[in-house]
Amino acid sequence: MSDLLEALRRSGTSILAVFGLIVFWQAAVVVLQVPTWLLPSPSAIWLAFVKNSYLLGKHVMATGVGATGGLVIGAASGVALAILMVHSRILERVLMPLLVIDQSIPKLALAPIFVIWFGTGMMTRVFIAMVISFFPMVVNAIRGMTTVDPRVNDLMTTIFASRWQILTKVRLPNAVPYLFSGLKIAVPLSIIGAVVAEFMQSDSGLGYVVLVAVGNVNTPMVFVAVVLMALLSLSLFATISVFEWLLMRARFSYLAAESNR
Amino acid sequence: MRVNTVVPIRIDDIAGPQTGEAVIALTNVSKVFDSRRGQVHALEKIQLSVRNKEFVCLLGPSGCGKSTILGMIAGLIRPSSGSVTINGQAIDAARKAHQIGLVFQDAVLLPWRTVEENVSLPLEVLGLSRLEREVEVTSVLRLVKLQGFERRFPHELSGGMRQRLGIARALSFDPQVLLMDEPFGALDAITRDRMSTELLRIWQQRQKTVLFVTHSISEAVFLSDRIVVMTARPGRIESVVENPLPRPRTLNMRDSAEFIALSRTLREKLENE
């Protein structure tokens, strides 16, 4: 509990800074008489949010579900591929260049093709979010599974452990902190992926809200949607951080001990 | 659920070979590594046998190939020529029969596992039931005097305790052979003395065949029944010295004339190369 208070006290300055920025923004817009269609004040954005809040729930859900679904599938397939690559020299040699090529392709540029493949519904959203969150998961999973002390492998070898046992008892547990790093990188990417899918063509989601609002020159609404995207990303990130914190405290406190040194 | 379990009676003496028989045998073993500058002869024509329940030290400077010998007995390194056997069988058979326990210089524990879970790791690999594992873990942790620390994590232990844990893990599945690669090399001198005494007690209690790699003369003299002196480039056995010191050993023996004489002999052999 005292940890929480301590954390609050330390984050006090940061909260104050964000609050100060909002106040400055409001004052600047009012004093300089910036027209609302150009840059709405925070209060105008808030009003737009309150007025339309009854509509926004389903759009937040659509984007959130699409991004989360893509993230989960991308993470699972990323880890699965990493496991294959760690266990097979040949697969590693075949797949590594493909992965590098995959990472060099700006996948968002392929979004129109995905729309052709999967239509304008949830599928495209999930697919883009998956494709974009895949790479950081593969890379982190491989690193996590291969940074095992070679002598642990020696130990397992001398007692005739199977590859499956080495995977489940050594490699995967060793990769856990790395997987969380990968997830944290992938979260904002998955939101971007879902929103870009909605930009293409869609009838729901926060990307769709942005398109409609821009069409109506309803700039405050654009900002409402963007703020909601940020909050969505933040809450996904926070959920993962909570799981990470719980696991770290239970099992991986040595990492904290190392970084304190 | 921690009950006071009765330490199971060990009957390995009945089934295993009798004292005096060779457990570990290296015949004409050579190891050549290919490097960029050509071939490196790490070991040349090694003849070595370790008898049942014997404590043998491999003594030599770094680079003499003593760890390579250990690696070959553990089945981690293949000899270029010659044969390595445990109880007359190939190493793979000994691995399958779980006859080899390994102890490393800095314990090499799994940091996300507690003390009891680390000891339990080999037992899980062997497929023991939860109850069987608990019995073994309790007994072996008592043996190395780590009872009361079951739920701690390795980073919460001192260097000496981590090394005890490493030994406990190696003994958990009751292997016949214990291979130790400079296990006390990273400990301070005081802890090292204590651990040496503890190791001899554990060895006598559990009746293992031990091959212990070290570059410390006094450690070798204090612990061993026999000392294999090695020289480097290429790795060769210079000589094998019988250790006449009586058992049980105490730290005070290190001041005895016999101890000092044997130490001098070994030092001269190492300097001769």
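Residues numbered from 1 in each chain as written. Chains lettered and ligands numbered in written order. Predicted model: local features only at pLDDT ≥ 70, side-chain atom pairs only at ≥ 80, totals over all residues.

Quick notes on the environment of T197 of chain B
Here is the rule we go by: Helical segments are the DSSP runs of H or I of at least four residues, strand segments are the runs of E of at least two, and each set is numbered from the N terminus.
By the element assignment, T197 of chain B lies in helix 7 (residues 189-206). Taking the C-alpha atoms as reference points, T197 of chain B and F222 of chain B, separated by 25 residues in sequence, lie 8.9 Å from one another.

Brief notes about the confidence of the model for chain B
So the rule is basically this: Confidence of the predictor in every single residue is expressed as pLDDT, which spans 0 to 100. The contact criterion used is a C-beta to C-beta distance within 7 Å, with each C-beta placed from the backbone.
Residues of chain B with pLDDT of at least 70 account for 92%, and the chain-wide mean is 88. Segment residues 1-18 of chain B: pLDDT under 50, and 16 contacts once partners within four positions in sequence are set aside and those in other chains are kept.

A word on the packing of helix 8 (residues 206-215) of chain A against helix 9 (residues 219-251) of chain A
All names here are of chain A. We apply this condition: Axis definition: a line fit to C-alpha positions, over the contact stretch in the case of helices; interaxial angles, taken between N-to-C directions, run 0 to 180 degrees. Our angle categories are set so that under 35 degrees counts as roughly parallel, over 145 as roughly antiparallel, 65 to 115 as roughly perpendicular, and the remainder as oblique. Crossings are assigned a handedness: left-handed for a near helix turned anticlockwise from the far helix by less than a right angle, right-handed for a clockwise turn.
Interhelical geometry of helix 8 versus helix 9 gives an angle of 165° and a closest axis separation of 8 Å. Classed by the angle they form, the pair helix 8 and helix 9 counts as roughly antiparallel. Pair helix 8 / helix 9 crosses with left-handed handedness. Here L206, V209, V210, A213 and V214 of helix 8 come into contact with helix 9, specifically with M221, V222, A225, L228 and M229.

Things to note about the pairing of strand 2 (residues 38-51) of chain B
All names here are of chain B. Just so we agree on the cut-off: At least two bridges found by DSSP between two strands are what make those strands a pair.
Here strand 1 (residues 22-35) runs beside strand 2; their pairing, made up of 10 bridges, is antiparallel. Residue D34 lies in a different strand from strand 2, and its bridge partner there is Q39. Following strand 1, the chain reverses through two residues before pairing antiparallel with strand 2.

Quick word on the interface of chain A and chain B
Spelled out, the test is: Under the grouping applied here, Gly and all other residues not named as nonpolar or charged are polar, the nonpolar ones being Ala, Val, Leu, Ile, Met, Phe, Trp, Tyr, Cys and Pro and the charged ones Asp, Glu, Lys and Arg.
At the junction of the two partners, chain A supplies 19 residues and chain B supplies 20 residues. Among the residues forming the side of chain A that touches chain B, the class breakdown is 10 nonpolar, four polar and five charged.

With respect to the sheet that holds strand 2 of chain B
Residue and element names in this part refer to chain B. One open sheet holds the four strands; their spatial order is 2-1-4-5, and the pairing between them is antiparallel. The sheet is open, and its two borders are formed by strand 2 and strand 5 (89-90), each paired with just one other strand. When strand 1 meets strand 4 (residues 81-86), the two strands line up antiparallel, connected through five bridges. Each residue of the ladder has a partner; that of L26, found in strand 4, is V84. Packed on one face of the sheet, helix 2 (residues 66-73) meets strand 1, strand 2 and strand 4 and runs near 65° to strand 2.

Side note on unusual backbone geometry
If a residue is not glycine, its phi is most likely negative; likewise, a peptide bond is most likely trans. Filter applied, for reference: Backbone-placed C-beta atoms define the burial measure: a residue is buried with 20 or more other C-beta atoms within 10 Å of its own, exposed with 12 or fewer, and partly exposed in between.
Residue P234 of chain B follows R233 of chain B across a cis peptide bond; omega there is -10°. Note that P234 of chain B resides in the loop between strand 9 (226-231) and strand 10 (236-242). The backbone of V217 of chain A sits at a positive phi, close to 50°, despite the residue not being glycine. The exposure class of V217 of chain A is exposed, given the 10 C-beta atoms found within 10 Å. Located in the positive-phi region is K145 of chain B, a residue other than glycine, with phi close to 60°. Assignment of secondary structure puts K145 of chain B in the loop between helix 5 (130-143) and helix 6 (159-171).

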